[in-house]
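Observations on the model geometry
Below, each chain spelled out in residue letters.
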Amino acid sequence: MAEAKTQLFDTDLQELAQLFKALAHPARLQILNFLASQNACFSGDITEVIPLGRTTVNQHLNELKKVGLIQGIVRGSKTNYCLDNKALELLEKTSTGFINNLTNCNCNEC
């Protein structure tokens, strides 16, 4: 039912909400920070750097992949994880635009 109500809002807001939802967990933020600190795609076991179990880390990775912030490419028995720079640029552009709209409010009554 809640998902049907999201359809009442414009597509840009729906997409931005999905991105914000994906960012709304400290484990996902730590995964993004870790991947950003790498000079190349990371092909090791992310559970070695994130203090959570493998299944939980995989769930967080899947959420980040679902919204396109990261890519996971399977190579043999390992998966290479990389940030998706185009998606990050879009996140920056859309979130900056959204925040700019909020800060343009002239309401000083509160």
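Quick summary incoming for the structure in this document.

Definitions and cut-offs
- Residues numbered from 1 in each chain as written.
- Predicted model: local features only at pLDDT ≥ 70, side-chain atom pairs only at ≥ 80, totals over all residues.
- Heavy atoms only, no water.
- Helix = DSSP H or I, 4+ residues; strand = E, 2+ residues; numbered from the N terminus.
- Rg over C-alpha atoms; globule rule 2.2 N^0.38 Å.
- Buried < 20%, exposed > 50% of the residue type's maximum accessible area, 1.4 Å probe, protein only.
- Contact = heavy atoms within 4.5 Å.
- Lys, Arg positive; Asp, Glu negative; His and termini not counted.
- Charge placed at Lys NZ, Arg CZ, Asp CG, Glu CD.
- Salt bridge = Lys/Arg side-chain N within 4 Å of Asp/Glu carboxyl O.
- Pairing = 2+ DSSP bridges.
- Axes fitted to C-alpha atoms, helices over the stretch in contact; angles between N-to-C directions.
- Parallel < 35°, antiparallel > 145°, perpendicular 65-115°, else oblique.
- Nonpolar A, V, L, I, M, F, W, Y, C, P; charged D, E, K, R; others polar.

**A short note on the overall build of the protein**
Looking only at helices and strands, one finds five helices and two strands in the protein. What you see for the protein is a C-alpha radius of gyration of 17 Å, clearly larger than the 13 Å of a compact globule of 110 residues, by over 25%. Considered along the principal axes of its C-alpha atoms, the protein spans approximately 55 × 35 × 25 Å. Looking at the protein as a whole, 25% of its 110 residues qualify as buried. When contacts within the protein are restricted to residue pairs at least 6 apart in sequence, long-range pairs at least 24 apart make up 46% of them. Distance from the positive charge centre (10 side chains) to the negative charge centre (11 side chains) of the protein: 9 Å.

**A word on the pattern of salt bridges**
Scanning all chains against the criterion turns up one salt bridge. Across the pair E63 and K66 runs a salt bridge whose closest N-O atoms are separated by 3.4 Å. Note that E63 and K66 are positioned in helix α4 (residues 54-66) at a spacing of three residues, about one turn of the helix. Residue K66 is classed as exposed on the basis of its relative accessible area, which comes to 59%.

**Here's the deal with the pairing of strand β1 (residues 70-75)**
Each regular strand shows side chains that alternate between the opposite faces of the sheet. By the bridge criterion, six bridges tie β1 to strand β2 (residues 78-83) in an arrangement that is antiparallel. Looking across to β2, one finds that I73 is bridged to N80. Counting the residues in the hairpin turn of β1 and β2 gives two residues, including G76, whose phi is positive at 65°.

**Concerning the packing of helix α3 (residues 26-37) against α4**
Running from amino to carboxyl end, α3 crosses α4 at an angle of 75°, the nearest separation of the two axes being 10 Å. The angle between α3 and α4 falls in the class roughly perpendicular. Contact with α3, carried on its side by A27, R28, I31 and L32, involves V57, H60, L61, E63 and L64 of α4 and no other residues of that element. Each residue belonging to the contact of α3 with α4 can be placed in one class, and the counts come to six nonpolar, one polar and two charged.

**Some thoughts on the packing of helix α2 (residues 11-23) against helix α5 (residues 85-103)**
Where α2 contacts α5, the two axes come as close as 11 Å, and the packing angle between them is 105°. One element, α2, and the other, α5, form an angle in the roughly perpendicular class. Across from L13, L16, L19, F20 and L23 in α2, the residues of α5 making contact are L91, T94, S95 and F98. For the contact of α2 with α5, the per-class residue count stands at seven nonpolar, two polar and no charged.

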